[in-house]
Amino acid sequence: MADIQVRRNKKVVQKCYLSGPVKESDLEVVVSDTVQLALPPGSTAVIVKNLYISIDPWNFSMKKDASTSPLSVITGYGVAKVVVSRYKDFRAGDLVLGITGWEEYSLISDPNSLIKINYPDLPLSYYTGILGMPGMTAYIGFYEICAPKKGEFVFVSAASGAVGQLVGQFAKLTGCYVVGSASSDEKVNLLKEKFGFDDAFNYKKEQDLNAALERCFPEGIDIYFENVGGAMLDAVLLNMRHSGRIAACGMISQYNLEKHEGVHNLLNIITRKLRMEGFFVSDHFSKYRKFEEMVARHLKSGKITYVEDIAEGLESAPTAFVGLFKGKNVGKQLVVIARE
């Protein structure tokens, strides 16, 4: 009988239920008992070694009505290498994308949810972002929900983030006029100089968001890709054109609030015949291969580009995660657990 390999398993867990803004002290890096790299006969699971994990605002939900409990391993999208497999579609050594744990090794009981990586010649880290869940989110929200047309006016909030930077580039490829908002002058410059946005503004420097949008969109907005919520959404509703579309992707300004902010200009949805639609990207992964092929082709041709904010090691995950809510990341935030 072959010797069973045993490894330690470092992981990030939640320490308590969330009350108010998330803090680094709400998360803890621990070393669990060792994990055996073996599966029993009859199993259809796989064991993966996690290489890169995607840091996203939705990763951490610890309110008392959440399905998770204190000391649970935080989960999210990541890139991993299969080390043991009893599933028919995967072999040891395969590189995969899917929901995994913030830990060195994960047992995936339902490997059907994993996607085999088709373009290992591109940076593997891209599968946490532009070729992963954030990229797919941009693709579905912009093309499927908003159905853009050449010449339309597009606004993207949180535009330098993992999703927003790609939405803006999709808009330019479609022939739209696109403006983004961001939280610093550095990010504004990035939007205009690297990602090709027609204009951008630092919302923290704007006394009146409505005036900022009127300045950038004197003819109004056809498409709004919503990542922020709150006051930004209220201002956008005043500037939407008739029959405009809003893809409600996220509302990061609301996630850590005990009491969510109200929105006052909802009447405009009726009077301007707007369509606002929320969506879960997980409902659309049947379209993943079409998305992956398109984005990989544009990456290789240089038509689109991507910026990552890479943190090294699981120990850096709590700081990286909290930094999302303070706008500290520049580009897609991810953590490298292992490069091989």
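Residues numbered from 1 in each chain as written. Predicted model: local features only at pLDDT ≥ 70, side-chain atom pairs only at ≥ 80, totals over all residues. Heavy atoms only, no water.

- As annotated in an unreviewed UniProt entry, the protein chain carries the name Zinc-binding dehydrogenase family protein and comes from Rhynchospora pubera.
- Taken directly from UniProt, the Subunit (unreviewed entry) text for the protein chain runs: "Homodimer." (UniProt positions renumbered as here; feature names shortened; annotations may be inferred.)

### Quick notes on the overall build of the protein chain
So, step 1. When you go through the protein chain residue by residue, the secondary structure sums to 8 helices and 15 strands.
So, step 2. Scaling as 2.2 N^0.38, a compact globule of 340 residues should have a C-alpha radius of gyration of about 20 Å, and the protein chain matches this with 21 Å.
So, step 3. Looking at the protein chain as a whole, 55% of its 340 residues are labelled buried.
So, step 4. When contacts within the protein chain are restricted to residue pairs at least 6 apart in sequence, those whose partners lie at least 24 apart make up 70%.
So, step 5. Accessible surface computed for the protein chain: about 15400 Å², of which carbon and sulfur atoms make up 51%.
So, step 6. Treating the 39 positive side-chain charges of the protein chain as one cloud and the 38 negative ones as another, the clouds have centres 3 Å apart. (Helix = DSSP H or I, 4+ residues; strand = E, 2+ residues; numbered from the N terminus. Rg over C-alpha atoms; globule rule 2.2 N^0.38 Å. Buried < 20%, exposed > 50% of the residue type's maximum accessible area, 1.4 Å probe, protein only. Contact = heavy atoms within 4.5 Å. Areas by Shrake-Rupley, 256 points an atom, 1.4 Å probe, with all protein chains shown as cover. Lys, Arg positive; Asp, Glu negative; His and termini not counted. Charge placed at Lys NZ, Arg CZ, Asp CG, Glu CD.)

### Some points on the domain arrangement of the protein chain
So, step 1. Along its sequence, the protein chain is carved into domain 1 (6-129 + 307-336) and domain 2 (133-281).
So, step 2. Using only C-alpha atoms to locate each centre, domain 1 and domain 2 end up separated by 29 Å.
So, step 3. If you look at the interface, domain 1 gives 23 residues, while domain 2 gives 18 residues.
So, step 4. Between domain 1 and domain 2, a total of about 1500 Å² is buried, with carbon and sulfur atoms accounting for 57% of that surface.
So, step 5. Ranking the residues of domain 1 by area buried against domain 2 places Val-307, Phe-325 and Val-330 at the top, with a combined share of 31%.
So, step 6. At the junction of domain 1 with domain 2, the criterion picks out 0 salt bridges. (Domains from an automatic or database assignment. Buried area = accessible area lost by both parts, 1.4 Å probe. Salt bridge = Lys/Arg side-chain N within 4 Å of Asp/Glu carboxyl O.)

### Observations regarding the packing of aromatic side chains
In this description, a pair of aromatic rings is defined by centroid distance and the angle of the planes.
So, step 1. For the structure shown, the criterion picks out 17 aromatic pairs.
So, step 2. With centroids separated by 5.3 Å and ring planes inclined at 70°, the aromatic side chains of Phe-142 and Tyr-143 adopt a geometry described as edge-to-face.
So, step 3. Exposure remark for Phe-142: the relative accessible area of 0% places this residue in the buried category. (Phe/Tyr/Trp six-rings, centres within 6.5 Å; stacked < 30°, edge-to-face > 60°.)

### A few points about the packing of helix H1 (residues 133-145) against helix H7 (residues 288-301)
So, step 1. Packing of H1 against H7 leaves a shortest axis separation of 10 Å and a crossing angle of 100°. Considered as vectors, H1 and H7 are oriented roughly perpendicular to each other. Between H1, through Gly-135, Met-136, Tyr-139 and Tyr-143, and H7, the contact on the second element is made entirely by Tyr-288, Lys-290, Phe-291 and Met-294.
So, step 2. Broken down by class, the residue content of the contact of H1 with H7 amounts to 6 nonpolar, 1 polar and 1 charged. (Axes fitted to C-alpha atoms, helices over the stretch in contact; angles between N-to-C directions. Parallel < 35°, antiparallel > 145°, perpendicular 65-115°, else oblique. Nonpolar A, V, L, I, M, F, W, Y, C, P; charged D, E, K, R; others polar.)

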